[in-house]
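Descriptive analysis of the structure
The lines below spell out each chain.
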Amino acid sequence: MPENNDILNEEYVISGLIQIGDPQNKTAIKIVKKLTGYRMFSEYHQLIFEAITSVMSSNSHFDMLTIDNKLDSNDIYKNGGGISQLSTIIASHTGANALSFADLIVEASVKRYALGRLHDAFSIFSEKSDASTADKIAETNLILSDIQGYFQGDTSKGAIHSKEIVKEWLDILEKRLDGDEEYIGVSSGIPALDGVLGIKK
């Protein structure tokens, strides 16, 4: 079960992102970078976040209707309340300090992941097995390493390749917007984004 504020934190972030609606907004980029690779407690919220990330990666502006159109055929989205619930979230939260709420979402995600993996570690020793104590300790150490990797955002441990691509794209875009000359004029690999940024082919 989530902490009392986990759901509210997710709603603040979703509301903040949709109210921004600009794929080149620095705050929106930082929020998506921070949360990419982690999971929200609510599947409904996670779907919306992934839809926002997808639209941002195509360098398109977005609003409530854009996200609803993208998810309209998704059963989890519809069962979670669809556009009615999404509009309630946006109307109920200003979206201010969304970046700070994103930090809280990461902490909650890491906590849930760690508790699940620690349960796996406990099972190694509590369940009957032919494995030696040394093997069990080694397996437990791998689990602890996995938890640490998740906490540090190590996407090499089970994350989806598309998430790595999105994160790399966001890194490049953020550096361009900050005026980093090393990244000005370098193709992002996304034609639509190169067109907006004036990349010469």
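Rules behind the numbers
Residues numbered from 1 in each chain as written. Predicted model: local features only at pLDDT ≥ 70, side-chain atom pairs only at ≥ 80, totals over all residues. Heavy atoms only, no water. Helix = DSSP H or I, 4+ residues; strand = E, 2+ residues; numbered from the N terminus. Buried < 20%, exposed > 50% of the residue type's maximum accessible area, 1.4 Å probe, protein only. Contact = heavy atoms within 4.5 Å. Areas by Shrake-Rupley, 256 points an atom, 1.4 Å probe, with all protein chains shown as cover. Salt bridge = Lys/Arg side-chain N within 4 Å of Asp/Glu carboxyl O. Phe/Tyr/Trp six-rings, centres within 6.5 Å; stacked < 30°, edge-to-face > 60°. Polar contact = N/O pair within 3.5 Å; in protein donor to acceptor, adjacent residues only side chain to side chain. Core = buried A, V, L, I, M, F, W, Y, C linked by side-chain atoms within 4.5 Å. Arc of directions from axis to C-beta. Axes fitted to C-alpha atoms, helices over the stretch in contact; angles between N-to-C directions. Parallel < 35°, antiparallel > 145°, perpendicular 65-115°, else oblique. Left-handed = near helix turned anticlockwise from the far one by under 90°. Nonpolar A, V, L, I, M, F, W, Y, C, P; charged D, E, K, R; others polar.

Moving on: the overall build of the chain. Helix and strand content of the chain: 10 helices and 0 strands. What you see in the chain, going N to C, is helices and strands ordered as α-α-α-α-α-α-α-α-α-α. Counting every position in the chain, which comprises 201 residues, the buried fraction comes to 38%. The contacts of the chain with a sequence gap of at least 6 include a subset with a gap of at least 24, amounting to 66%. Counting every atom, the chain has about 11,200 Å² of accessible surface; 52% of that belongs to carbon and sulfur.

A separate point is the pattern of salt bridges. The final tally for this structure, using the stated rule, is 6 salt bridges. Between glutamate 50 and arginine 39 there is a salt bridge, with its nearest N and O atoms 3.7 Å apart. Of this pair, glutamate 50 sits in helix H3 (residues 43–57) while arginine 39 is found in the loop between helix H2 (26–35) and H3, placing the two residues 11 residues apart along the sequence. Overall, glutamate 50 belongs to the partly exposed group, its relative accessible area being 33%.

Okay, the packing of aromatic side chains next. Overall, the coordinates contain 2 aromatic pairs when judged by the stated rule. Here the aromatic rings of tyrosine 12 and phenylalanine 101 are separated by 4.2 Å at their centres, their planes lie at 5 degrees, and the arrangement is stacked. In this pair, tyrosine 12 sits in helix H1 (residues 6–20) while phenylalanine 101 sits in helix H7 (residues 98–126), placing the two residues 89 residues apart along the sequence. Ring centres 5.6 Å apart and planes at 10 degrees place the aromatic pair tyrosine 44 and tyrosine 77 in the stacked group. With tyrosine 44 in helix H3 and tyrosine 77 in helix H5 (residues 75–79), the pair connects residues that are 33 residues apart, well separated along the chain. Of the two residues, tyrosine 44 and tyrosine 77, both sit in the buried class.

Attention shifts here to H2. Of all the positions in H2, only Ala28, Ile29, Ile31, Val32, Lys33 and Leu35 are classed as buried. Measuring from the side-chain oxygen of the N-cap residue of H2 to the backbone nitrogen of threonine 27 gives 2.9 Å; that N-cap residue is asparagine 25. Directly after H2, the chain includes glycine 37, whose backbone phi takes a positive value near 100 degrees.

In terms of nonpolar packing, the biggest core is built from 33 residues, with Val13, Leu35, Ile48, Ile67 and Leu86 touching the most fellow members. Counting only elements with at least two residues in this core, the list comes to H1, H2, H3, helix H4 (64–71), helix H6 (82–92) and H7. Top element by residues in this core is H3. It accounts for 8 residues. With residues up to four places along the chain from it excluded, the contact list for valine 13 reads Ile31, Leu35, Met40, Ala98, Phe101, Ala102 and Ile105.

If you trace the backbone, glycine 95 turns up in the loop between H6 and H7. Setting aside residues up to four positions removed in sequence, glycine 95 forms contacts with Tyr12, Ser15, Gly16 and Gln19.

Here the focus is H4. Of the residues making up H4, those classed as buried are Ile67, Asp68 and Leu71. Down the axis, H4 shows its buried residues gathered within 100 degrees of arc, on one side only. Contacts made by the buried residues of H4 are with H1, H3, H5 and H6. The N-cap of H4, judged by a side-chain oxygen 3.1 Å from the amide nitrogen of leucine 65 a few residues on, is aspartate 63.

Below, the discussion takes up the packing of H1 against H6. Viewed as axis vectors pointing N to C, H1 and H6 meet at an angle of 90 degrees, and their least axial separation amounts to 8 Å. With respect to their mutual orientation, H1 and H6 come out roughly perpendicular. Contacts between H1 and H6 pair Glu11, Ile14, Ser15, Ile18 and Gln19 from the former with Gln85, Leu86, Ile89 and Ile90 from the latter.

What follows concerns the packing of H1 against H3. It is at 10 Å that the axes of H1 and H3 come closest, and there the two elements cross at 25 degrees. Classified by the angle their axes make, H1 and H3 are roughly parallel. Relative to H3, the crossing made by H1 is left-handed. The residues of H3 that touch H1, namely those facing Ile7, Glu10, Glu11, Ile14, Leu17 and Ile18, are His45, Ile48, Phe49 and Ile52. Residues belonging to the contact of H1 with H3 are distributed by class as follows: 7 nonpolar, 1 polar and 2 charged.

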